[in-house]
Amino acid sequence: MMQPQQPYTGQIFHPTQTYTPTTSQPFYGNNFEDEPPLLEELGINFDHIWQKTLTVLHPLKVADGSIMNETDLAGPMVFCLAFGATLLLAGKIQFGYVYGISAIGCLGMFCLLNLMSMTGVSFGCVASVLGYCLLPMILLSSFAVIFSLQGMVGIILTAGIIGWCSFSASKIFISALAMEGQQLLVAYPCALLYGVFALISVF
Amino acid sequence: MHPAGAAAAGTPRQPSKRRIPVSPPGMADPHQLFDDTSSAQSRGFGAQRGPGGLGYPAAAASPQEAFLADPVSNMAMAYGSSLAAQGKELVDKNIDRFIPVTKLKYYFAVDTMYVGKKLGLLFFPYLHQDWEVQYQQDTPVAPRFDINAPDLYIPAMAFITYILVAGLALGTQDRFSPDLLGLQASSALAWLTLEVLAILLSLYLLTVNTDLTTIDLVAFLGYKYVGMIGGVLMGLLFGKIGYYLVLGWCCVSIFVFMIRTLRLKILAEAAAQGVPVRGARNQLRMYLTMAVAAAQPLLMYWLTFHLVR
């Protein structure tokens, strides 16, 4: 920061040379070519996103505990927007509900997991896992665009998708937080949260 | 006059293609934060600054405003992030004063077996023999290891499920709106708070020496939501008959459950072992236990009858 004791020798609108930027990023690098690529600087790593998506899509595959080490909110954001977009295709303009419910649900899961696990968990990690496991719900809502889900087939499909989402979410939480014997206990609140999303898709 | 001005006139600027401003060859310091803007070349500078700074419109990039945009925005960002870090520290420090997090963690140390067995106990408490909580060196054992220990996972999940099921029930009757959900939630919470306060008051007035903490009490009083959910779901599937049958069964079960659990906590040891001890004190305590247990079915009915038509 600027030292105030230094006598002002410059002209107005000329910065003194003692000003140092407080940001730690190498933003004002020497050369344009030396800068890291934009995606890397933003922290979006498409390979990791793809790996995590595959983990969600294979519910029976054992999850690796270290995949949630870096908190990545770009993927979940994309999935939330895609969910809202598929709802929009079905004629329901409910982005606000999606965001509100995600926020409340993430907060609730954050409190619960912090109380239930030995190690704590950060809010970003919870939001990231819950966002990734929203992917099957996008399948459900895109299905709802074409067929109505209010018959017996719809109910069975909805129940199956909710089970799939909550099973993957609980699997990732269990492996990342090393909680034994609590998978169903973690899956139940996830199922409640995804049930609310399913309610929005169906009705 | 200004080497930067000459450089600005000299170097062709393509503001849309570059993310950072080119450091003019005259300036030796590569970490200089911004260009000299006092020249009349503010138009190019303003367009460059637009995406990077505070989104300043190019028209407003007069020398004075452009001077203010960048260092102030960086300082503001640094200040904001340090403020956020301070705020987080403050919350972490103070949250332990209002919400005893470590004590709460005891009540959430559950596993699936415990929850299954406890739910079975809530619906069928008639065959369970030993209701005493085991102790391990003066501290009660975690709920994971003793089915008689109270926990907060079941009441919390039951409460949230009750609100969602209430929303579902209202939805099937076409009476649903999101603020009704909030209304249900707050009325149920209000009744719970009222119950807890009433029981704490009576315990105080009767000078009962018990190790029943407030959180224990909240846990015990929260177990009735399980029965309520069962009743409402049956009511949705099978109509009023199903609702009354299941609710009746759950009311009797929770009555027996509460009596057997609270007897050990509120009554003196002699009375708890089934030996009838005459004395006003023990009689009053017995009445208190009966009153608490009887309040449960009443509240269960009160909070659910309007959901099933």
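Residues numbered from 1 in each chain as written. Chains lettered and ligands numbered in written order. Predicted model: local features only at pLDDT ≥ 70, side-chain atom pairs only at ≥ 80, totals over all residues. Heavy atoms only, no water.

## Some points on helix α2 (residues 46-57) of chain A
All names here are of chain A.
Then, number 1: With twelve residues, α2 extends 16 Å between its outermost C-alpha atoms, agreeing within 8% with the 16 Å of an ideal straight helix rising 1.5 Å per residue.
Then, number 2: Looking at α2, one finds that the buried residues are Ile49, Lys52, Thr53, Thr55 and Val56. Along α2, the residues classed as buried sweep out an arc of 155° about the axis, all on the same side.
Then, number 3: Packing partners of the buried residues in α2 comprise α3 (74-89), α5 (123-132), α6 (135-146) and α7 (152-177). (Helix = DSSP H or I, 4+ residues; strand = E, 2+ residues; numbered from the N terminus. Expected span 1.5 Å × (residues − 1). Buried < 20%, exposed > 50% of the residue type's maximum accessible area, 1.4 Å probe, protein only. Arc of directions from axis to C-beta. Contact = heavy atoms within 4.5 Å.)

## Details of the UniProt feature "transmembrane region" (unreviewed entry) in chain A
All names here are of chain A.
Then, number 1: Feature annotation in UniProt assigns "transmembrane region" (unreviewed entry) to the following positions: residues 73-90, 97-115, 121-147, 154-179 and 185-202.
Then, number 2: When the span residues 97-115 is considered, its composition is 100% helix and 0% strand, and the gap between its end C-alpha atoms is 27 Å.
Then, number 3: Taken as a whole, residues 154-179 contains 92% helix and 0% strand, while its terminal C-alpha atoms sit 34 Å from one another. (UniProt positions renumbered as here; feature names shortened; annotations may be inferred.)

## Section: the packing of aromatic side chains
Then, number 1: All chains considered together, the criterion is met by 18 aromatic pairs over all chains.
Then, number 2: An angle of 35° between the planes, with centres 6.4 Å apart, marks the rings of Tyr194 of chain A and Phe197 of chain A as tilted. Of the two residues, Tyr194 of chain A and Phe197 of chain A both sit in helix α8 (residues 183-202), three residues apart, roughly one turn of that helix. Exposure class is identical for Tyr194 of chain A and Phe197 of chain A. Each is buried.
Then, number 3: Ring centres of Tyr301 of chain B and Phe305 of chain B lie 5.3 Å apart, and the angle between their planes is 20°; on these two criteria the pair is classed as stacked.
Then, number 4: The exposure class assigned to Tyr301 of chain B is partly exposed, which follows from its relative accessible area of 36%.
Then, number 5: What makes Phe305 of chain B partly exposed here is its relative accessible area of 34%.
Then, number 6: Through a chain of ring-to-ring contacts, three or more aromatic side chains come together here, namely Trp131, Phe220, Tyr223 and Phe257 of chain B.
Then, number 7: Positioned above the aromatic ring of Tyr225 of chain B, the side-chain terminus of Lys224 of chain B is 5.6 Å from the ring centre. (Phe/Tyr/Trp six-rings, centres within 6.5 Å; stacked < 30°, edge-to-face > 60°. Lys NZ or Arg CZ within 6 Å of the ring centre and 35° of its normal.)

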